[in-house]
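An overview of the molecular structure
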Amino acid sequence: MSKRKILFCIENVRQGGISKALESILPLIDANAADVKIFSINQNDGPYQSVFKRHFYRKQNWLLYALSAYYTEHHGVKKAWLIFVKAIGKIIKRLFLRDLLSFALSQEAKRISKEEFDIVIAFSEGIITRFCPEVKAKRRIAWIHLDYERYLSYNNGIDEKDTYASYDSIVIPSNHCSKSFIKVFPQFKEKVVVIPNMVDHNKINKLSQADDELDNRFTSDDSFKIVSVGRICYEKRFFEIPSIVKELKLRNLQFKWYIIGSGSQKETEYLLSQIEKHGVEEDVIMLGAKNNPYPYIRHSQLLACTSLTETFCYAIAEAKALGTPVITTDFGTAYEVMDEEHGIICNLFHFADNIYQLASDRNKYQMLKKQLNSYNNSNRADKLTELLGI
């Protein structure tokens, strides 16, 4: 029996939930049953470039790279070249009413179609979901990593009915987000498959032992440590942390709150302004992005998720795997990732009260640690194997 040829399509290899989800899935696909390739519009700029390198379908298409790369992250000749290509793209769009990136992707789809893949998977929303129907394949799968109703509100109610009609299956990682998608597209209900994201416990536990990678500011702190991990963006709401910290300081709680992650200059500057506004420069420590955040999670007393919304919060699942109690906001999927035996789910306005109680009540804290258990991936892996027919 010949191997199934499977192509995962993504937009980039940056740090984030989509790249992490794909990294977790790849080891679960039997290499004897399937030949897996990855197509990425931008396969150069990001930490997952090295992770996915051996799976890349082909070398980087430099026109696609130039049109999708963030020129603000580059310098010198390369930055000038990226600006030039983007400027040419804008001129072409104005003169010929044709988007150069869409044209380049259409040409790429024709080249990929010559391979005749068994399964093509759109593993991110937006442009990738619209790209994959142009690729010739026996089956197409769309993988949605977000609350679709919220996604529509951010994109002016874009109509993607015809796009999703071209897919055979639509995978969504939570029941909450599945309901959101079906509410918009009830006609696709039978196509929807719920497969929660997976966490590689063995890998996480192994990486968490790398204490030599810890920042000196963290290791020299013997107070109650709180950590938040993720991209600095509006949805994560890290800008709310300084006001919570100020309230806890007024209660004389001895603690430090560490933030691991990076974001745009605008979002980062706003977070810094909030830290300064509330006078908590010594209490909120920004450690920046870390390729390995797990030693920080393992050595922290509490992981705090302040998100407005999450499809699947990896930080929570990873904290559970490492035995670190969690406090999280009550977004829709929070109750699917954890239950209140393993942490606290509450409104953001009650964060300070609950953190104070947990940090002050050693018995309650130890009870949470004892009740923590890890997720079992076996059922999810079986669903994945069934979906791919391998």
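Residues numbered from 1 in each chain as written. Predicted model: local features only at pLDDT ≥ 70, side-chain atom pairs only at ≥ 80, totals over all residues. Heavy atoms only, no water.

**Comments concerning the sheet that holds strand 2 (residues 34–42)**
Strand order in this open sheet of six strands is 2-1-3-4-5-6, and the pairing throughout is parallel. Both edges of this open sheet fall to strand 2 and strand 6 (192–194), since each of them pairs with a single strand only. Sheet twist, expressed as the average angle between the axes of neighbouring strands with direction ignored, equals 25°. Sheet strands in contact with helix 1 (residues 17–25) are strand 1 (4–12), strand 2 and strand 4 (137–143), and its direction is about 160° off that of strand 1. Helix-sheet contacts for helix 9 (residues 175–184) involve strand 5 (169–172) and strand 6, and the interaxial angle to strand 6 is about 170°. (Pairing = 2+ DSSP bridges. Helix = DSSP H or I, 4+ residues; strand = E, 2+ residues; numbered from the N terminus. Axes fitted to C-alpha atoms, helices over the stretch in contact; angles between N-to-C directions. Contact = heavy atoms within 4.5 Å.)

**So, the environment of Arg 111**
With respect to the helices and strands, the residue Arg 111 is situated in helix 5 (residues 100–113). Given a relative accessible area of 30%, Arg 111 falls into the partly exposed group. When the C-alpha positions of Arg 111 and Lys 136 are compared, they lie 9.8 Å apart, and in sequence the two are 25 residues distant. With near-sequence residues (within four places) excluded, Arg 111 lies in contact with Tyr 57, Arg 58 and Asn 61. A distance of 2.8 Å separates polar atoms of two side chains, one belonging to Arg 111 and the other to Glu 108. (Buried < 20%, exposed > 50% of the residue type's maximum accessible area, 1.4 Å probe, protein only. Polar contact = N/O pair within 3.5 Å; in protein donor to acceptor, adjacent residues only side chain to side chain.)

**Things to note about the nonpolar core**
Phe 8, Phe 52, Ile 121, Phe 123, Trp 143 and Ile 316 are the most contacted members of the largest nonpolar core, which totals 54 residues. With five residues, helix 15 (residues 314–321) is the single largest residue contributor to this core. Excluding residues that lie within four positions of it along the chain, Ile 316 makes contacts with Leu 303, Cys 305, Val 326, Thr 328, Phe 331, Val 337 and Met 338. (Core = buried A, V, L, I, M, F, W, Y, C linked by side-chain atoms within 4.5 Å.)

**Topic: helix 4 (residues 76–96)**
Between its terminal C-alpha atoms helix 4 stretches 30 Å, which fits the 30 Å expected from 21 residues at 1.5 Å a residue. Looking only at helix 4, the buried set comprises Leu 82, Val 85, Lys 86 and Gly 89. When helix 4 is viewed along its axis, its buried side chains cluster within an angular range of 95° and face the same direction. Exposed and facing more than 90 degrees away from the buried side of helix 4 are Gly 76, Val 77, Phe 84, Arg 94 and Leu 95. On its buried side, helix 4 packs onto helix 3 (62–68) and helix 5. In the stretch just after helix 4, Leu 97 is the one whose phi turns positive, near 55°. (Expected span 1.5 Å × (residues − 1). Arc of directions from axis to C-beta.)

**Here's the deal with the environment of Ile 38**
As for its position among the elements, Ile 38 is in strand 2. Here Ile 38 falls in the buried class, since its relative accessible area comes to 0%.

**Observations concerning the packing of helix 17 (residues 351–360) against helix 18 (residues 362–371)**
Relative orientation of the contacting elements helix 17 and helix 18 amounts to 95°, with a least axis distance of 5 Å. What the angle tells us is that helix 17 and helix 18 run roughly perpendicular. Along its contact with helix 17, which presents Gln 357, Leu 358 and Ser 360, the element helix 18 presents Arg 362, Lys 364, Tyr 365 and Leu 368. Among the residues forming the contact of helix 17 with helix 18, the class breakdown is three nonpolar, two polar and two charged. (Parallel < 35°, antiparallel > 145°, perpendicular 65-115°, else oblique. Nonpolar A, V, L, I, M, F, W, Y, C, P; charged D, E, K, R; others polar.)

**Considering the packing of helix 12 (residues 241–250) against helix 17**
The geometry of helix 12 relative to helix 17 is characterised by a closest axis approach of 9 Å and an angle of 50° between their N-to-C directions. Taken together, helix 12 and helix 17 sit at an angle that is classed as oblique. The handedness of the crossing between helix 12 and helix 17 is right-handed. Contacts from Ile 244, Glu 247 and Leu 248 in helix 12 reach Phe 351, Ala 352, Asp 353, Ile 355 and Tyr 356 in helix 17. (Left-handed = near helix turned anticlockwise from the far one by under 90°.)

**What about helix 5?**
Between its first and last C-alpha, helix 5 extends 20 Å over 14 residues, near the 20 Å set by a 1.5 Å rise per residue. Buried residues of helix 5: Leu 100, Leu 101, Ala 104, Leu 105, Ser 106, Glu 108, Ala 109, Ile 112 and Ser 113, and no others. The inward-facing, buried residues of helix 5 contact strand 1, strand 2, helix 3, helix 4, strand 3 (117–122) and helix 6 (127–131).

**As for the packing of aromatic side chains**
If you walk through the whole model with that rule in mind, you get 22 aromatic pairs. Taken together, a centroid distance of 5.4 Å and an interplanar angle of 50° make the contact between Phe 185 and Phe 188 tilted. Phe 188 carries the same exposure label as Phe 185, and that label is buried. In this structure, Lys 5 packs its charged tip against the face of Phe 117, placed 5.4 Å from the ring centre. A cation over an aromatic ring shows up here: Arg 251 above the ring of Tyr 356, its NZ or CZ 5.5 Å from the ring centre. (Phe/Tyr/Trp six-rings, centres within 6.5 Å; stacked < 30°, edge-to-face > 60°. Lys NZ or Arg CZ within 6 Å of the ring centre and 35° of its normal.)

**Details of the sheet that holds strand 8 (residues 255–260)**
Two pairing modes exist for strands in a sheet, parallel and antiparallel, and in both the strands are linked by backbone hydrogen bonds. Strand order in this open sheet of six strands is 9-8-7-10-11-12, and the pairing throughout is parallel. The outermost strands of the open sheet, each flanked by one partner alone, are strand 9 (284–288) and strand 12 (343–346). With strand direction ignored, the average angle separating the axes of adjacent strands in the sheet is 20°. Bridging between strand 11 (residues 326–329) and strand 12 involves four bridges; their strand directions are parallel. Across the sheet, residue Ile 327 finds its bridge partner in strand 12, namely Ile 344. Helix 12 rests against strand 7 (224–229), strand 8 and strand 9 of the sheet, and its axis sits at about 170° to strand 8. Against the sheet, helix 15 engages strand 7, strand 10 (302–305) and strand 11, with an angle of about 165° to strand 10.

These figures capture arrangement, not role.
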